[in-house]
Amino acid sequence: MARRIDVTGTGGVRLAAWEFGDPPKTDPAGSDPAGSDPARDVPDGSPGVLLLHGLMGRASHWASTARWLSGRYRAVALDQRGHGRSDKPPQGSFTRDAYVDDAEAALEQLGLAPVVLIGHAMGALTAWQLAAKRPDLVRGLIICDMRASALGAASQREWDQWFTSWPLPFATLADVRKWFGEDDPWVERPNPARGEFYAEVMAESPDGWRPVFDPEQMLRSRETWVYDAHWEELAQVRCPALVVRGLDGELGRAEAQEMVRVLPRGQYAEVADAGHLVHYDQPEAWRAAIEPFLDSLGGD
């Protein structure tokens, strides 16, 4: 199961964090088990993991990974600002600093540090920028399919055009799955996992199914990273770090290996038969790729 814990991000933005694992034990004195301290139900010594989804994603995309981790960690996935059930302030900040500060605030309010950060795509960038900024909070880092190089203006234009191409509203969730899994021009071959991924970020409205996020806010979020490279922050990460790519993902092998070289304590893993959505597309192979790294952290 997952229980929701509300935390406060920078600027007062309300963020929904989701803790996976067994429900907390009821206080024998009869007080509210949720209480005012979200960290108090965790047994002493349980290491923490914070999972950060990618652009347009949500915490539930990490459910399989988080449930697997919950046997040995306190596993929490965060709906980042503008995503999932977290606030989507129309005039809110969607800068890199805002995302990183939100994750930092969540770690401190949840009592997870020193934590293992696991991020996919944009969430991976947030993770390594936070690890560089606050090495005292992070004991391990897993980067899933995110590039450190600049993507450039053409990438932003392509995304703008892609959002415009969505046939909104979708009549049914089956239509969502079919379009994103088969009909989307960005799909090279049928990909049911991709269809399921996007079905999870749709909500029913009076006229059909629409995304739970605002595409304009997603473009604003991208604006703060696509024009710049992020090698400098990688070089500042002091903790052990694992770079994972899908064989058919967006992060090329040469760039991934250069990221490992730049990271002071970098390691590399590759998942065959996986695209960009590595953890969602091939969950068992993903777990096999990251487990040795997690084991190596021990009690660091």
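We now turn to the structure provided with this report.

## With respect to the sheet that holds strand S9 (residues 241-246)
Item 1. Sheet architecture is open: 8 strands sit in the order S1-S2-S4-S3-S5-S6-S9-S10, paired in mixed fashion. Either end of the sheet is taken by a strand with one partner, and the two such strands are strand S1 (2-8) and strand S10 (266-271). Averaged over all neighbouring strand pairs, the angle between strand axes comes to 20 degrees, with direction disregarded.
Item 2. Bridging between S1 and strand S2 (residues 14-20) involves 7 bridges; their strand directions are antiparallel. In the sheet register, Ile 5 faces S2, and the bridge partner there is Ala 17.
Item 3. Sitting on the sheet, helix H9 (residues 253-262) touches strand S6 (138-144), S9 and S10, and the angle it makes with S10 is about 155 degrees.
Item 4. Running over the sheet, helix H11 (residues 283-297) touches strand S5 (115-120), S6, S9 and S10 and is turned about 160 degrees from S6.

## Here's the deal with the packing of helix H4 (residues 153-165) against helix H7 (residues 215-223)
Item 1. Interaxial distance between H4 and H7 falls to 11 Å at its minimum, and their mutual angle equals 170 degrees. Of the possible angle classes, the one that applies to H4 and H7 is roughly antiparallel. Between H4 and H7, the residues in contact are Ser 155, Gln 156, Trp 159, Asp 160 and Phe 163 and Pro 215, Met 218, Leu 219, Arg 222 and Glu 223, respectively.

## With respect to the side chain of Arg 81
Item 1. Relative to the assigned elements, Arg 81 resides in the loop between strand S4 (74-79) and helix H2 (96-110).
Item 2. Using a relative accessible area of 2% as the deciding quantity, one classes Arg 81 as buried.
Item 3. Looking at Arg 81, its side chain comes within polar contact range of the main-chain oxygen of Thr 10, at 2.8 Å.
Item 4. A polar contact is formed between the side chain of Arg 81 and the side chain of Asp 102, at a distance of 2.5 Å.
Item 5. In contact with Arg 81, other than residues within four places in its own chain, are Thr 10, Val 13, Leu 15, Ser 86, Asp 87, Ser 93, Phe 94, Ala 98, Tyr 99 and Asp 102.

Rules used in this analysis
Residues numbered from 1 in each chain as written. Predicted model: local features only at pLDDT ≥ 70, side-chain atom pairs only at ≥ 80, totals over all residues. Heavy atoms only, no water. Pairing = 2+ DSSP bridges. Helix = DSSP H or I, 4+ residues; strand = E, 2+ residues; numbered from the N terminus. Axes fitted to C-alpha atoms, helices over the stretch in contact; angles between N-to-C directions. Contact = heavy atoms within 4.5 Å. Parallel < 35°, antiparallel > 145°, perpendicular 65-115°, else oblique. Buried < 20%, exposed > 50% of the residue type's maximum accessible area, 1.4 Å probe, protein only. Polar contact = N/O pair within 3.5 Å; in protein donor to acceptor, adjacent residues only side chain to side chain.

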